[in-house]
Amino acid sequence: MKAAIIFVFSFSVALASFPFLPPMTPDLQAAVDRDAATPRVGYCNQPQLVNCQKEFNAVLGIADTADWDRPEALALALNQIFLTGVQGMINICNARQQFYYCLQPNYDYCMSLPFWVSLQYSPNDAYMYTAIMNQLEFMCGGGMQVGFNIYPCLMAAMSQTQMSPELLNCINQLTGNITVVPPYSCVYEQNFLNCWEQAYEDICMKIDQATANQAGWYICETTRVAYNYGQTCPDLRCYVYPVNKKLEAGQQNTGFLDVAHDIGEAEKTAPREKKEEA
């Protein structure tokens, strides 16, 4: 199972790297297992999927073997491209757009857990690959402009070779509570996102104070996209402006301004039109 890989990869020396996957908490595991077992009507042309992934990798110069069979290798390869500069981010998003259109009209089903489980992949194996693609959907969609604005900060954070005390504190707070059963574990997951966001804000404040809050939200939102798999914790939010983010067990997550989240969700659910070729 990749549960251990998700945890180790996401919170190792490559902690600040893409993808920003959270620890496998009881809520997230329950969501992954439930979604994987939920019958879903759809069709995915497997030869087409293989070709689309090969084209995606070829455009980016990534080895063919970095795919759903080795999602950790795919994540590491994408991270290296991110670190090359803004053009690297543009290249990834262009490749992701081509991948999306290549799989039409079956993209959503091809990126669903039930499809991968039907191929005898474990739910956790399928989760890591689909989470990477879900994060690219945000990073190349609703989060793209913010990503460009904060790129100097992102590069500095992703280039770190050791876990900062701020980030380590966030992990320790969450892993100390991962045995808490739903719904209270959703509160701890929200606290983790808040802590994660604040830690990145602090890192980015040293680089560009004007965009530090945006950077915190961006990292938080990319993590939330993976965290909220299956909508086990539908109230998880990432905030743009400083707020009192500490929640107690059972406290509802209301009354906070979350404009960026709403924009991101609107972007995600808006009808997508195929870009006309020149």
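Scroll up a little and you will see the structure.
Residues numbered from 1 in each chain as written. Predicted model: local features only at pLDDT ≥ 70, side-chain atom pairs only at ≥ 80, totals over all residues. Heavy atoms only, no water.

J.: What should I look at first to understand the overall build of the protein in this one?
T.: Scanning the protein from terminus to terminus reveals 14 helices and 0 strands. In the protein, which comprises 278 residues, the share counted as buried stands at 51%. When the accessible area of the protein is evaluated, it comes to approximately 12600 Å², of which 55% is carbon and sulfur surface. (Helix = DSSP H or I, 4+ residues; strand = E, 2+ residues; numbered from the N terminus. Buried < 20%, exposed > 50% of the residue type's maximum accessible area, 1.4 Å probe, protein only. Areas by Shrake-Rupley, 256 points an atom, 1.4 Å probe, with all protein chains shown as cover.)

J.: I'm lost on helix 3 (residues 46-60) in this one. Help?
T.: Given 3.6 residues per turn, any residue in an α-helix points the same way as the ones three and four places further on. Taking 1.5 Å per residue, 15 residues should reach 21 Å; helix 3 reaches 21 Å between its end C-alpha atoms and fits that length. Looking at helix 3, one finds that the buried residues are Leu 49, Cys 52, Gln 53, Phe 56, Asn 57 and Leu 60. Along the long axis of helix 3, the arc covered by the buried residues comes to 130°, so they all point the same way. Away from the buried face of helix 3 by more than 90 degrees, exposed residues Pro 47 and Ala 58 are located. Packing partners of the buried residues in helix 3 comprise helix 4 (71-82), helix 5 (86-102), helix 7 (113-118) and helix 8 (123-139). The first or second residue beyond helix 3 is Gly 61, which carries a positive phi of 70°. (Expected span 1.5 Å × (residues − 1). Arc of directions from axis to C-beta. Contact = heavy atoms within 4.5 Å.)

J.: What is the right way to look at the packing of helix 5 against helix 8 in this model?
T.: For any two helices packed against each other, the geometry is given by the interaxial angle and the distance between the axes. It is the contact of helix 5 with helix 8, at a shortest axis distance of 10 Å, that shows an interaxial angle of 110°. Judged on the interaxial angle alone, helix 8 and helix 5 are roughly perpendicular. Every pair of crossing elements has a handedness; the one defined by helix 5 and helix 8 is left-handed. Contacts between helix 5 and helix 8 involve Met 89, Ile 92, Cys 93, Arg 96 and Phe 99 from the first element and Tyr 129, Met 133, Leu 136, Glu 137 and Met 139 from the second. (Axes fitted to C-alpha atoms, helices over the stretch in contact; angles between N-to-C directions. Parallel < 35°, antiparallel > 145°, perpendicular 65-115°, else oblique. Left-handed = near helix turned anticlockwise from the far one by under 90°.)

J.: Honestly, the packing of helix 4 against helix 5 in this entry has me stumped. Any pointers?
T.: Between helix 4 and helix 5, the shortest axis-to-axis distance is 7 Å and the interhelical angle comes to 135°. What the angle tells us is that helix 4 and helix 5 run oblique. On helix 5, the residues touching Leu 78, Ile 81 and Phe 82 of helix 4 are Gly 88, Met 89 and Ile 92. Grouping the constituent residues of the contact of helix 4 with helix 5 by class yields 5 nonpolar, 1 polar and no charged. (Nonpolar A, V, L, I, M, F, W, Y, C, P; charged D, E, K, R; others polar.)

J.: How should the environment of Val 117 be read in this particular structure?
T.: Mapping Val 117 onto the fold places it in helix 7. For Val 117 and Tyr 127, which are 10 residues apart along the polypeptide, the C-alpha to C-alpha distance reads 9.9 Å. Every residue in contact with Val 117, bar those within four places of it in the chain, is listed here: Ala 36 and Pro 123.

J.: Even after reading the chapter, I still don't get the pattern of salt bridges, so can you show me in this structure?
T.: Side chains bearing opposite charge may pair, as long as their charged atoms lie close to each other. This model, assessed by the stated rule, comprises 2 salt bridges. Across the salt bridge formed by Glu 137 and Arg 96, the nearest N and O atoms sit 3.9 Å from each other. Taken together, the residues Glu 137 in helix 8 and Arg 96 in helix 5 connect sequence positions 41 residues apart. Exposure remark for Glu 137: the relative accessible area of 14% places this residue in the buried category. Judged by its relative accessible area of 9%, Arg 96 is buried. Salt-bridge contacts for Arg 224 lead to Glu 221; the nearest nitrogen and oxygen are separated by 2.8 Å. Placement of both Arg 224 and Glu 221 in helix 13 (residues 212-227) is noted, with a separation of 3 residues, approximately one turn of the helix. Among the residues examined, Arg 224 registers a relative accessible area of 5% and is labelled buried. With a relative accessible area of 1%, Glu 221 lands in the buried category. (Salt bridge = Lys/Arg side-chain N within 4 Å of Asp/Glu carboxyl O.)

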